[in-house]
Amino acid sequence: MAQIVLFHSAYGLRPAVHAAADRLRAAGHQVHTPDLYDGRTFDDVEEGMAYKEELTNDELLRRGVTAVAPLLAADGPDGPGLVYAGFSLGGAVAQNLALADDRALGLLLLHGTSDIRDDASTAVPVQLHVAEPDPFESEDWLNAWYLRMTKAGADVEVHRYHGAGHLYTDPDLPDHDAEAAGRTWAAALAFLADLDG
């Protein structure tokens, strides 16, 4: 059983995030879903991104660190560590936190990545699920991301879903693709089971 922290997308902590957490709990994992937006949710991605810009990336990361700190403290210095996961924008937050945490057990990225410092170093297993093509994750960006992540030492697995919309796992959005979402969750659950290994 993994302890997972699952960050929401630019839309906020919507029902799809809670449903995903319940799916992971049903597989035996302990899941935390921090609210980086203080209760605000959006039906329009532009509005969600505008609010994210208003908050700033630094503030979102600060909120992510604040949410994770008690979980790490409860584990103690010799605890098992966390699996970081996130949807789109939340994937970027999860990635930054995971790469800063020497005890991170895994990184599950759904629809989003973040830039990687040239001097980054990590041995964390990473699984990325992304639409192909994706308006927010271009082919050039993903290729550069993959090279930097593997150069940092991560064990990276990428799953692409041709023809799916960006946030295709959210059944309440036009992007939803049930078949791609089903394959995503099957692979994600297998990835998490392997981390428990």
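Before reading further, recall that the structure is shown in the block above.
Now for a quick tour of the structure. (Residues numbered from 1 in each chain as written. Predicted model: local features only at pLDDT ≥ 70, side-chain atom pairs only at ≥ 80, totals over all residues. Heavy atoms only, no water.)

**Notes on the overall build of the chain**
Helices and strands together make up the secondary structure of the chain, namely 6 helices and 6 strands. Counting from the amino terminus, helix and strand elements in the chain follow one another as β-α-β-α-α-β-α-β-β-α-β-α. The globule rule puts the C-alpha radius of gyration for 197 residues at 16 Å, and the 15 Å found for the chain is close to it. Taken along the three principal axes of its C-alpha coordinates, the chain extends 45 × 35 × 35 Å. Going through the 197 residues of the chain one by one, you find that 50% of them count as buried. Of all intrachain contacts in the chain linking residues separated by at least 6 positions in sequence, the fraction that spans at least 24 positions is 63%. Counting only carbon and sulfur atoms, one obtains 51% of the accessible surface of the chain, whose full area is about 9200 Å². Averaged over its 13 positive side-chain charges, the chain has a centre that lies 3 Å from the centre of its 32 negative ones. (Helix = DSSP H or I, 4+ residues; strand = E, 2+ residues; numbered from the N terminus. Rg over C-alpha atoms; globule rule 2.2 N^0.38 Å. Buried < 20%, exposed > 50% of the residue type's maximum accessible area, 1.4 Å probe, protein only. Contact = heavy atoms within 4.5 Å. Areas by Shrake-Rupley, 256 points an atom, 1.4 Å probe, with all protein chains shown as cover. Lys, Arg positive; Asp, Glu negative; His and termini not counted. Charge placed at Lys NZ, Arg CZ, Asp CG, Glu CD.)

**Quick notes on the nonpolar core**
Membership of the largest hydrophobic core comes to 33 residues, with the highest contact counts inside it found for Phe7, Tyr37, Tyr84, Leu107, Val126, Trp145 and Met149. Contributions of two or more residues to this core are made by β1 (3–7), α2 (45–55), α3 (57–75), α4 (89–99), β4 (106–110), β5 (125–132) and α5 (139–151). A total of 5 residues in this core trace back to one element, the largest contributor, which is α4. Residues within four places of methionine 149 in sequence aside, it is in contact with Gln95, Leu99, Leu107, Ile116, Val126, Ala154 and Val156. Residues Val31, Ala85, Leu110 and Phe191 belong to the second largest nonpolar core, which totals 21 residues. (Core = buried A, V, L, I, M, F, W, Y, C linked by side-chain atoms within 4.5 Å.)

**A short note on the packing of aromatic side chains**
For any pair of aromatic rings, the description consists of the separation of the ring centres together with the inter-plane angle of the planes. Evaluated as defined, the whole model comprises 5 aromatic pairs. Ring plane angle 65° and centroid distance 6.4 Å describe the contact between phenylalanine 87 and tryptophan 185, whose orientation is recorded as edge-to-face. A residue pair is termed long-range when its members are at least 10 positions apart, and phenylalanine 87 in strand β3 (residues 83–87) and tryptophan 185 in helix α6 (residues 178–196) qualify at 98 residues. Take phenylalanine 87 and tryptophan 185: they sit in the same class, and that class is buried. One aromatic cluster is present, formed by Tyr37, Phe42 and Tyr51 through successive ring pairs. Over the aromatic face of tyrosine 51 sits the side chain of arginine 40, whose NZ or CZ is 4.5 Å from the ring centroid. (Phe/Tyr/Trp six-rings, centres within 6.5 Å; stacked < 30°, edge-to-face > 60°. Lys NZ or Arg CZ within 6 Å of the ring centre and 35° of its normal.)

**Some remarks on the pattern of salt bridges**
What the rule picks out here adds up to 13 salt bridges. Glutamate 53 is the partner of lysine 52 in a salt bridge, and the nearest nitrogen-oxygen pair spans 3.0 Å. Residue class for lysine 52 comes out buried when judged on its relative accessible area of 10%. As a salt-bridge pair, glutamate 59 and arginine 62 come within 2.7 Å of each other at their nearest N and O atoms. In this pair, glutamate 59 and arginine 62 both sit in helix α3, 3 residues apart, roughly one turn of the helix. Residue classification places arginine 62 among the partly exposed positions, given a relative accessible area of 45%. Bridged by salt links that share partners, the residues Asp38, Glu59, Arg62 and Arg63 form one connected network. (Salt bridge = Lys/Arg side-chain N within 4 Å of Asp/Glu carboxyl O.)

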